[in-house]
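Each chain, written out:
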Amino acid sequence: MFTERWQMEHLSGRLQAYISLDYFALRGNYFKAALGDTQASGAFSLSRPRDQRYRERLALLIHVDGTTVERGKAYVPYKLPGGLPEWLEEGPRAGRLSDVTFAYQGQIHTRPFELARRVALSGHIEEGHIQYHADWPEVRDLSGFISVGGRDVRIDVSRGLSFDGTDLSGSYIHLKDNASVADIDLVSTTTVAEALTFIRTTPLKEWMSFVTPDWRGNGPIRMVGSLSVPLKLAAEHIGEVDPADELEVDLDIELNGADLDLPGYGVSLGALAGTVHYTYPYQISGADVDGQIFDRPAVFGASSDEDSVVFHVNGQAPYADVLELLEMQDPGLMHGGFDFIADLHIELGDEISRLSLVSDLTGLGLELPGELAKAADDSVPTELTLQFLDDYQAARFRYGPARGWLHVNEVLLRGAIGFAMPPPQLDYEQKLLVLGGRVRGFSLDELMRETEEGGESGPGFILALPVQLDGLFADHSDVSGVFFGTVMLDGR
């Protein structure tokens, strides 16, 4: 019945037997035995009716003061319900068991598919090593209580580690239905770096693919919640159901001063404190998470649907960080900073991820031509949507009466701005800034800047980007000191 036989030393106990023509019974009490350095005690009873093979029964109770996980497996019968013996053979890898109790009751012989045996094994485990599924992290340095009963395995974790330092103390693991499902009540103290590794190396990576390899983080977090991990499919579902479809995850992620860098979006989030809720596969929610962005205080939130994850930010931005976000060199046209409300949309499909921002730009000074100019104290309602493309950043904006679009990659590549009207048409291959609509005043010199290298003829003037005027009406205009009234301007 057992997977291994040991030779007992110093066996003692009391036997009682009943023998007749039709029945044989044997009972043993107060048994003690030494198995190497392991002490065992127990009792058993055996009954064998004559010519009734499937009514022969055995009851067995053994207590062992201590043994190893590997030797403890030898107590487990061959004929347990399908799946459980395989997991018991492969899952528990190492460790020492103490105060072990093994109980067996049932038929000695069984018919095919007959469930006529009950097995229970329990004990404390120290320095354990368990792998509950090849796709999920192993539990190492495990201390706690483990029990095997019927079709189930239960592990109360008083101490345990996963990855390089994730603390699982207080967690509970329940392998049920013949090791077909692992239900885990998770209590985990870890770091942002370890959590990112957890996502990238488990089935969570299939949905959370937006967590790209360049994401980096540090600082403590705590995860509390439940996981239901399918270890194998029921026979009727094989070939019809993806095991990931039966995965259930419901976690509260507590941030306790964590930092997160998102290089692909040009932002770093710092000192995050608050709770985010995650439900597999695509539900993320959170609000009122305190932290920093651009090294300024901010409040964060999160939401999601099947197509995208959205991070909400209410914060402040110095102009230098705006240029870094745009991957743009400083043209020397702005100073100060501003408050903003923004949503970072991380797309999970074929759509392009984008940043949407609204602000009144109070605190930001802009030294721009005509009506685009703004003193730091002025309030100008502004909306910006920034798409993160491979070769450049594409911005669409509304700024006071102006609206338009810009392509930026270190410098301004092209763009179109319409004043009190939609922006003029422009071929995306051209390197121009096209202006159209109607403005109060216009000065050509405002579109020019002095070069620092004037050559032999001395300082000169160059355009920051070739400017095309496309039916631009101006109430008054100044072209190199010549003033005009209401005019319509075309040309470069």
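Structure: above.
Here's a quick rundown of the structure. Because the structure is a prediction, the values reported are computed rather than measured.

Some thoughts on the nonpolar core
- Formed by 107 residues in total, the largest nonpolar core has its most connected members in L204, F210, W215, L227, Y278, I293 and F340.
- Ranked by residue count, the leading element in this core is strand β14 (residues 248–262), at seven residues.
- Beyond its immediate sequence surroundings of up to four residues, L227 is in contact with W136, A182, D183, I184, L186, F198, E248, V249 and L251.
- Among the nonpolar cores identified, the runner-up in size contains five residues, and W405, A416, L426 and L432 belong to it.

Focus: a negative patch on the surface
- A cluster of acidic side chains, namely D305, E306, D307, D350 and E351, defines a negative patch on the protein surface.
- Along the polypeptide, D350 turns up in the loop between β19 (334–347) and β20 (354–359).

What about helix α3 (residues 192–200)?
- Those residues of α3 lying buried are V192, E194, A195, L196, F198 and I199.
- Buried residues along α3 sit against β9 (166–167), β11 (181–191), β12 (216–218), β13 (220–230) and β14.

So, the pairing of strand β25 (residues 411–419)
- Burial of β25 is extensive: seven of the nine residues sit out of reach of the surface.
- Strand direction decides the pairing type here: strand β24 (residues 402–409) and β25, joined by eight bridges, are antiparallel. Considered in β25, the bridge of N409 is made with V411.

Side note on the pattern of salt bridges
- What the rule picks out here adds up to seven salt bridges.
- Of the charged contacts in the structure, one is a salt bridge between E347 and R354, with a shortest N-O distance of 2.9 Å.
- Looking at R354, the relative accessible area reads 26%, which means it is partly exposed.
- Among the salt bridges present, the one from D475 reaches R438, with a minimum N-O distance of 3.2 Å.

Structural notes on the environment of D183
- Mapping D183 onto the fold places it in strand β11.
- In sequence terms D183 and E248 are 65 residues apart; their C-alpha atoms lie 9.1 Å from each other.
- In terms of polar contacts, D183 uses its side chain to reach the side chain of K176, at 2.9 Å.
- A polar contact of 2.8 Å, which involves the side chain of D183, links it to the side chain of S228.

About the criteria used
Residues numbered from 1 in each chain as written. Predicted model: local features only at pLDDT ≥ 70, side-chain atom pairs only at ≥ 80, totals over all residues. Heavy atoms only, no water. Core = buried A, V, L, I, M, F, W, Y, C linked by side-chain atoms within 4.5 Å. Buried < 20%, exposed > 50% of the residue type's maximum accessible area, 1.4 Å probe, protein only. Helix = DSSP H or I, 4+ residues; strand = E, 2+ residues; numbered from the N terminus. Contact = heavy atoms within 4.5 Å. Patch = residues over 30% accessible without salt bridge, like charges linked within 9 Å, V, L, I, M, F, W, Y side chains within 5 Å. Areas by Shrake-Rupley, 256 points an atom, 1.4 Å probe, with all protein chains shown as cover. Salt bridge = Lys/Arg side-chain N within 4 Å of Asp/Glu carboxyl O. Lys, Arg positive; Asp, Glu negative; His and termini not counted. Charge placed at Lys NZ, Arg CZ, Asp CG, Glu CD. Pairing = 2+ DSSP bridges. Polar contact = N/O pair within 3.5 Å; in protein donor to acceptor, adjacent residues only side chain to side chain.

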